[in-house]
Amino acid sequence: MKIITVAPTSFFSDRGSHIRIYQEAKYLQKLGHEVLVFCYGLGKEMPEIKINRISSNEWYTKVSPGFSWGKIYLDLKMAWRGMFLIKNKKPEVIHAHLFEGLGVAWLARLGAWVLSGFQLQQAPILLDLQGDLRDEFESYNQEKTFAKKIFVNLSYWLVKVADAAVVSSENSLGVLQVKYPQTKFALVKDGIDLEFFKQSEMPAGVEIKEENSELKKISQWKGRDRLLIYTGGMEKGKGVDWLLDAFSFQKPTGWKLLMFGGGHEKEEYRQKVAGQNEICFAEDNSYLALSRYLALAEVAIEPKKDSTESSGKLLNYMAAGLPVICFDTEFNRARLGERGNYLKQEEDFKTVLENLRLGKVNYDLVALSVEKEVAKLEKILREMIGD
């Protein structure tokens, strides 16, 4: 099957939605399909997958999630370039990530059909979402109320042009099925890349800047203390503000906190806790180095409260066998079950951290493997083309 994956984002950046895009493309290829990821000019190259980019623009440097007005220009640029790509490649199916990916895919497919003299068979479009668009604005762009009003209302019409849709979590599935009843939704969860976590060395040809020296420095800084780790975006809406406050004022003695990730508010957070030796921000934030940083920790934390979005970091914690502290939400319960260390309220942080059981946790990783989830995705794609 020939698949064009439309990802209107600075792929690859080290964050959850990009990990999903990467894993799905990687494992669809392993199943024998021809996958081409079509994305912005900015971003890292990744092993094992083919990427086609629009030309880069010096003024656009955003790699964090969320809306920006500059994305509209880049999305239109993708739609223009995409219609030639679709006309020439003739994909059997178009796999569109995010709401804006659906818009780009629909415009590009329409343009390719016109360019072909109305002869090109229009490939079906599969929409791939992590959550509700309204929640995305609430998490990353609370101040952009005008843009939220426009694009949330537009999404009601836009979702109708998808031939089918998949979502990454049970709670988002329920919300989106009610919100967009005309569209057929299915659940394809984020999965654990067991192959990636079994690797003891970095993939060939990939270098992480000063990775060994930073790991050594962090190990020395940790000393004989226990280490709590957070991995993920450094943006409001992720729960980072609360985590830094809770650790600063509630933590038991003998614990340190490692913050691993990137984001446009990382420096702000670093300044917020300046002078606290118990908190360290890793300079590296590469997904390809993630497993080595997780290996330094005794416990991991997901500080985000309820949302329709899934949490890929939770799966990474589980793959590393770490006990996980998180809020008692539907999504977290669905993944961790009775093995989670749940916060009923913010003030529970110290109590939960003091009383949890340390040591490697044997999660059922096979049931959560990305290969199992991509097999579901492949079945949906085959049904869309009548295979």
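Residues numbered from 1 in each chain as written. Predicted model: local features only at pLDDT ≥ 70, side-chain atom pairs only at ≥ 80, totals over all residues. Heavy atoms only, no water.

1. A short note on the environment of N316
Right, so step 1: With respect to the helices and strands, N316 occurs in helix α12 (residues 312-319).
Right, so step 2: Taking C-alpha positions, N316 is 6.8 Å from I192, a pair spaced 124 residues apart along the chain.
Right, so step 3: The residues touching N316, leaving out its near neighbours within four places in the chain, are F197, L290 and L294. (Helix = DSSP H or I, 4+ residues; strand = E, 2+ residues; numbered from the N terminus. Contact = heavy atoms within 4.5 Å.)

2. Here we look at unusual backbone geometry
Right, so step 1: A cis amide bond, omega 5°, links F11 with the succeeding residue F12.
Right, so step 2: Tracing the chain through its elements places F12 in the loop between β1 (2-7) and α1 (16-30).
Right, so step 3: Its identity is not glycine, yet E48 carries a phi of approximately 80°, on the positive side.
Right, so step 4: Summarising the element assignment, E48 is placed in the loop between β2 (34-39) and β3 (50-53).
Right, so step 5: Among the residues examined, E48 registers a relative accessible area of 43% and is labelled partly exposed.
Right, so step 6: Positioned with a positive phi, L98 is a non-glycine residue whose angle comes to about 75°.
Right, so step 7: As for its position among the elements, L98 is in helix α3 (residues 98-115). (Buried < 20%, exposed > 50% of the residue type's maximum accessible area, 1.4 Å probe, protein only.)

3. Brief notes about the environment of E378
Right, so step 1: Positionally, E378 belongs in helix α15 (residues 370-384).
Right, so step 2: Residue classification places E378 among the buried residues on the basis of a relative accessible area of 15%.
Right, so step 3: A sequence separation of 347 residues divides E378 from L31, and the C-alpha atoms of the two residues are 8.5 Å apart.
Right, so step 4: Residues contacting E378, with those up to four places away along its chain left out, are L28, L31 and H33.

4. Some remarks on the sheet that holds strand β9 (residues 255-260)
Right, so step 1: Taken in spatial order, the six strands of this open sheet run β10-β9-β8-β11-β12-β13, and their pairing is parallel. Edge positions in the sheet fall to β10 (279-281) and β13 (341-343), since each of these pairs with one other strand and no more. Adjacent strand axes in the sheet meet at a mean angle of 25°, parallel and antiparallel pairs treated alike.
Right, so step 2: Where strand β12 (residues 324-327) meets β13, three bridges bridge the pair, whose relative direction is parallel. Across the sheet, residue F327 finds its bridge partner in β13, namely L343.
Right, so step 3: Packing of helix α9 (residues 240-250) onto the sheet brings it into contact with β8 (226-231), β9, β10, β11 (299-302), β12 and β13, and relative to β9 it is tilted by some 160°. (Pairing = 2+ DSSP bridges. Axes fitted to C-alpha atoms, helices over the stretch in contact; angles between N-to-C directions.)

5. Topic: the sheet that holds β3
Right, so step 1: Judged by pairing direction, the sheet is parallel, and its seven strands sit side by side in the order β3-β2-β1-β4-β5-β6-β7 without closing on themselves. For this open sheet the edge positions go to β3 and β7 (185-187), each flanked by a neighbour on one side alone. Adjacent strand axes in the sheet meet at a mean angle of 25°, parallel and antiparallel pairs treated alike.
Right, so step 2: The pairing of strand β4 (residues 93-97) with strand β5 (residues 125-129) spans four bridges and is parallel. Pairing of H97 across the sheet is with D128, part of β5.
Right, so step 3: Most of the contacts of α15 go to β5, to which it runs at about 150°, and overall it touches β1, β4, β5, β6 (164-167) and β7.

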